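If you want the building blocks of each chain, they are given just below.
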Amino acid sequence: MSNDKSLLGQFWSWFVARGFKHLIMLAILAFVLYPIIWIISASINPVGSLSAQSLIPDNPTLENYRLFFLGGAEQYDAPFLLWLWNSLKLSVLTGVIGTAMCALAAYAFSRFRFTGRRTGLLSLLLVQLFPQMLAMVALYFLLLQIGDLAPWLGLNTHLGLLMVYLGGSLGFHTWLMKGFFDSIPHSLEESAQVDGASHFQAFMRIILPLARPMLAVIFILTMIFVYSDFILASILLQDTSQYTLSVGLKLFIFGSYNQRWGIFAAAALIGALPIVIIFLSLQDQIVAGLTQGSVKG
Amino acid sequence: MRNIFQSRVSGTLLKTVFLGALDGIAIWASVQLFLQSEVGFAVALLIGAAVINYVFLSQKTYPVRYMVPGLIFLFAFVVYPIGYTFYLSTTNYGTGHILNKSQAIESLETQYYQPENPTSYTFNAYENDQGKMKLLLKSGTDENLYLTEGKKLKEVNQGSDRLVDTDGDGTIDRIGEYSIMTRTEVIRSLQTLQEWRPKSGKVSLQMSDLNHFQEQIAQYEYIESREVMKDRRTGEIFKPVEGTFVSTTSNKKLQPGFKASVGLENFIRIFTDPLITGPFFRVFTWTFIWAFMSVLTTFALGLGIALLLNDDQLSLKPLYKGLLILPYAIPAFISALIWRGFFNTNVGIINTKILQPLFGIAPAWFQDPILAKVAVLLVNLWLGFPYMMIVCLGALQSIQPELYEVAKVDGASPFQQFRKITFPLLMVSVAPLLIGSFAFNFNNFNIIFLVSRGEPPIVGATTAGSTDILISYTYKLAFGGQGATQYGLAAAISIIIFLIVGTISAVNFHYTGALEEMSENV
């Protein structure tokens, strides 16, 4: 009897110290995971409609994933794989080129003293206060006009959209990069320059390899931003075959939630996968970048 | 030595090739632009190319070379669009004002009316070997003959030797290479004939039946010297006012209008036009509430979880942290689209699996303003709290544990410790991020547009919805496809958003001392 009581007492003191935390955590986990579990369940449910959902589907199937990759669902004009490819292409290209431009500009700001340097840095910050999407009407007309002259660079082209993204990718990331370059001692390049290397060679061979972690962060932040963009892509792309995943999926599912839920669930999960993997594996660096003022879409 | 020499040479070569290609493209493009009479663009392009040449050829501007690639895109796709947005905000560009002035005048001058006793013209149609047609028309009033030349109508002399009557029956059967069409052929070409409408001066002829064309008169005449439009029928005079021809004697306005500068009219309309002011201020207020509530809810939950997890003895801590961050790792547009499905009134799981079985209710989430707002905030809480959690965890770990020991010695309760130590120290590092988060949510287009789409509509407003924030309102005004497109007004609202977000960010920079820190570093 007395033994029982002390067991209960032990449990109670554990509960007060830690156990209640687990209880709250479980409640929050339910809130967080409930939707994710449902969407996974929907993606393997042979009945594709939203109304027929059950948490544990009877006869689970990978049919929806097959439809995603191979197509063949007659009633949908939805080239998911092409949309995914378009998204990945645009985000990787913007990431690579944008990071390169950033690094070049940041190097100049970090290593050279020239007239207009301070103004340049401040203007970069000022321009960045204006989120690019606020200029959506102007960007639309700009690409419309470019398209009159060079149709492969205007509205409804990936090259045009890529240029728009590149313009927006520069501002704050140049600051992040400059901060990182500032922390690399000058002596390293100076000794290289004594050996006859030009500034550019010193930049390429010495600074860039050292800045690899920061390059990765900026590449990934840019990539995630582009991958998640809806507003610019939806304004500047017009054909189904040109859409990115965000625009394509939205048009695919809006108004047809009930009928297309199953295949949408599969598409959403596959679409989320690349970013989730990248994010989870580089979580700490990405968060460090975000807390310094970058944004995630 | 040899190696360096080589690289210098190849560097010069590379530079020459690059500048050559750039100049070639710039000159080609500016010629094209010039031919399309886009003189401003052409000049800007040439100046840009000249600056780049200078930068790469002068030794003084060496550092700028590193910035050229970025600056090109920054100028073309951020700076120029910002400037263009300011310009657009002072125009009436949009539905009814898409054309430029001369296009609008041309369009008005081709609006016709039928006079009271229109002259009728009998006609014969002729066709050549290539299937091209000509019409010979005879006026019903003065018997004059007219011949079409494409869209134009030319008077011909009765005795002109082009008109040949081979069989002498009084009907012309040949005009040059053209020979008369049979009635069957005419009927077959009916559509062409109906759309033909040959013109001469202010008169246009329209087919009225199988044998006749009827006279129509151009209603408006542009009087170049006075820059006004005159209504031929009524004599009314229309003056151009901010892109519309407005009658000097009545309220009548002519459509289409044209693109014109309207000064600050768009901004004035936002504050005075009852059709815009009401919805605008509801959207405006909600945007602030939305951004504020988003920050508050995500921060509260994130901080709460961080406080629970900030305990190294807690088992399963890495697992909890790893799972809780998932919503933040998923691209927001995907989460938003999924949640929209969950909130579906009839089939979404929130109603069918939770609310219906437990409480017996199935609310229509996006038809009630309050519920729609709750829904979007809930979605944003779901995908936004992990960021706050990580940020708070980081900040909590940087607080020195000795502070708590001292507090315990002094007999402070856990709540007092939180209020006096944890929270103030946390806010030092987290406050700027909260302001940043506010600025981000202020323009969080994806959540609003993909979850509620701004719905339900505000009663009496054409475009705005109860959950619309300024950026989604702007998007709908310019690209919504419902009702009239108003690029000018959309640009004006963009400017207002810019001013607000700019102010917030400036305050933030000031607060964090980012600018001061930077100025030292500069």
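Quick caveat, the model's predicted, so the values are computed rather than measured. (Residues numbered from 1 in each chain as written. Chains lettered and ligands numbered in written order. Predicted model: local features only at pLDDT ≥ 70, side-chain atom pairs only at ≥ 80, totals over all residues. Heavy atoms only, no water.)

Asks: How would you sum up the overall build of chain A? Please name residues and give values.
Replies: The number of helices and strands found in chain A is 14 helices and zero strands. Along chain A, helices and strands appear, N-terminal first, in the series α-α-α-α-α-α-α-α-α-α-α-α-α-α. In summary, chain A has a C-alpha radius of gyration of 25 Å against a globular reference of 19 Å for 297 residues, an excess of more than 25%. Taken across its 297 residues, chain A has 56% of its residues classed as buried. Within chain A, counting contacts between residues at least 6 apart in sequence, those at least 24 apart form 71% of the total. With an accessible surface of roughly 12,700 Å², chain A has 67% of that area assigned to carbon and sulfur atoms. Of the side chains in chain A, 15 bear a positive and 13 a negative charge, and the two mean positions are spaced by 11 Å. (Helix = DSSP H or I, 4+ residues; strand = E, 2+ residues; numbered from the N terminus. Rg over C-alpha atoms; globule rule 2.2 N^0.38 Å. Buried < 20%, exposed > 50% of the residue type's maximum accessible area, 1.4 Å probe, protein only. Contact = heavy atoms within 4.5 Å. Areas by Shrake-Rupley, 256 points an atom, 1.4 Å probe, with all protein chains shown as cover. Lys, Arg positive; Asp, Glu negative; His and termini not counted. Charge placed at Lys NZ, Arg CZ, Asp CG, Glu CD.)

Asks: Can you tell me about the domain arrangement of chain A, naming the residues and giving the values?
Replies: Residue and element names in this part refer to chain A. Along its sequence, chain A is organised into domain 1 (2-69) and domain 2 (80-296). One C-alpha centre belongs to domain 1, the other to domain 2, and the line joining them spans 36 Å. Across the contact, 14 residues belong to domain 1 and 15 residues belong to domain 2. Together, the buried faces of domain 1 and domain 2 total about 1,400 Å²; carbon and sulfur atoms form 78% of this surface. If you sort the residues of domain 1 by the area they bury against domain 2, Ile39, Leu50 and Phe68 come out on top, with a joint share of 49%. Across the domain 1-domain 2 interface, the total number found is zero salt bridges. Across the contact surface, domain 1 and domain 2 share one residue pair in polar contact (both at pLDDT 80 or more). Mapped onto the side of domain 1 that touches domain 2, the elements with two or more residues apiece are α1 (2-43) and α2 (63-70). Looking at the side of domain 1 that touches domain 2, the element that brings in the most residues is α2, giving five residues. Within the side of domain 1 that touches domain 2, the residues separate by chemical class into eight nonpolar, six polar and no charged. (Domains from an automatic or database assignment. Buried area = accessible area lost by both parts, 1.4 Å probe. Salt bridge = Lys/Arg side-chain N within 4 Å of Asp/Glu carboxyl O. Polar contact = N/O pair within 3.5 Å; in protein donor to acceptor, adjacent residues only side chain to side chain. Nonpolar A, V, L, I, M, F, W, Y, C, P; charged D, E, K, R; others polar.)

Asks: Any details on the nonpolar core? Residues and values, ideally.
Replies: Core analysis: the biggest nonpolar cluster contains 216 residues, and A:Phe181 and B:Leu324 have the highest contact counts within it. With 18 residues, helix α14 (residues 369-397) of chain B is the largest single contributor of residues to this core. Two domains share this core, each providing at least three of its residues, namely domain 1 (2-69) and domain 2 (80-296) of chain A. With near-sequence residues (within four places) excluded, A:Phe181 lies in contact with A:Ala103, A:Ala106, A:Tyr107, A:Ser110, A:Arg111, A:Phe203, A:Ile207 and A:Ala211. Residues B:Tyr121, B:Leu137, B:Met181 and B:Val203 belong to the second largest nonpolar core, which totals 18 residues. (Core = buried A, V, L, I, M, F, W, Y, C linked by side-chain atoms within 4.5 Å.)

Asks: Can you break down the side chain of B:Asn128 residue by residue, with the values?
Replies: Residues and elements named next belong to chain B. One can find Asn128 in the loop between β2 (120-127) and β3 (133-139). A distance of 3.3 Å separates a polar atom in the side chain of Asn128 from a polar atom in the side chain of Glu177. Ignoring sequence-local partners within four residues, the contact set of Asn128 consists of Glu177 and Tyr178.

Asks: Give me a nonpolar patch on the surface: which residues, what numbers.
Replies: All names here are of chain B. On the surface, Phe34, Val39, Val43, Ile47 and Val51 cluster together into a nonpolar patch covering about 450 Å² of accessible area. For the nonpolar patch, the leading source of residues is helix α2 (residues 39-57), giving four residues. Of note, Phe34 is situated in helix α1 (residues 2-35). (Patch = residues over 30% accessible without salt bridge, like charges linked within 9 Å, V, L, I, M, F, W, Y side chains within 5 Å.)

Asks: Give me the sheet that holds strand β12 (residues 220-223) of chain B: which residues, what numbers.
Replies: Residues and elements named next belong to chain B. Taken together, four strands build an open sheet; the order of strands is β12-β13-β14-β15 and the sheet is antiparallel. Only two strands of the sheet have a single partner each, and these edge strands are β12 and β15 (244-247). Averaged over neighbouring strand pairs, the angle between their axes works out to 35° when direction is ignored. Alignment of strand β13 (residues 228-231) against strand β14 (residues 237-241), held across two bridges, turns out to be antiparallel. Across the sheet, Lys230 pairs through a bridge with Ile237, a residue of β14. Each of β12, β13, β14 and β15 touches helix α5 (residues 101-109); the most contacted strand, β12, lies at about 145° to it. (Pairing = 2+ DSSP bridges. Axes fitted to C-alpha atoms, helices over the stretch in contact; angles between N-to-C directions.)

Asks: If you had to explain the packing of aromatic side chains to someone new, which residues and values would you point to?
Replies: Taken as a whole and judged by the stated rule, the model has 65 aromatic pairs over all chains. An angle of 80° between the planes, with centres 5.7 Å apart, marks the rings of B:Trp339 and B:Phe342 as edge-to-face. Remark: B:Phe342 and B:Trp339 occur in helix α12 (residues 332-342); sequence separation between them is three residues, near one turn of the helix. Residue B:Trp339 shares its accessibility class with B:Phe342, and that shared class is buried. Taken together through their ring pairs, the aromatic side chains of A:Phe254, A:Tyr257, A:Trp261, A:Phe264, B:Trp339, B:Phe342, B:Phe343, B:Trp365, B:Phe366 and B:Trp382 make up a single cluster. Between the NZ or CZ atom of B:Lys134 and the centre of the ring of B:Tyr178, over which it lies, the distance is 5.5 Å. Its guanidinium or amino end placed over the ring of A:Phe254, B:Arg340 lies 4.3 Å from that ring's centre, counting from NZ or CZ. (Phe/Tyr/Trp six-rings, centres within 6.5 Å; stacked < 30°, edge-to-face > 60°. Lys NZ or Arg CZ within 6 Å of the ring centre and 35° of its normal.)

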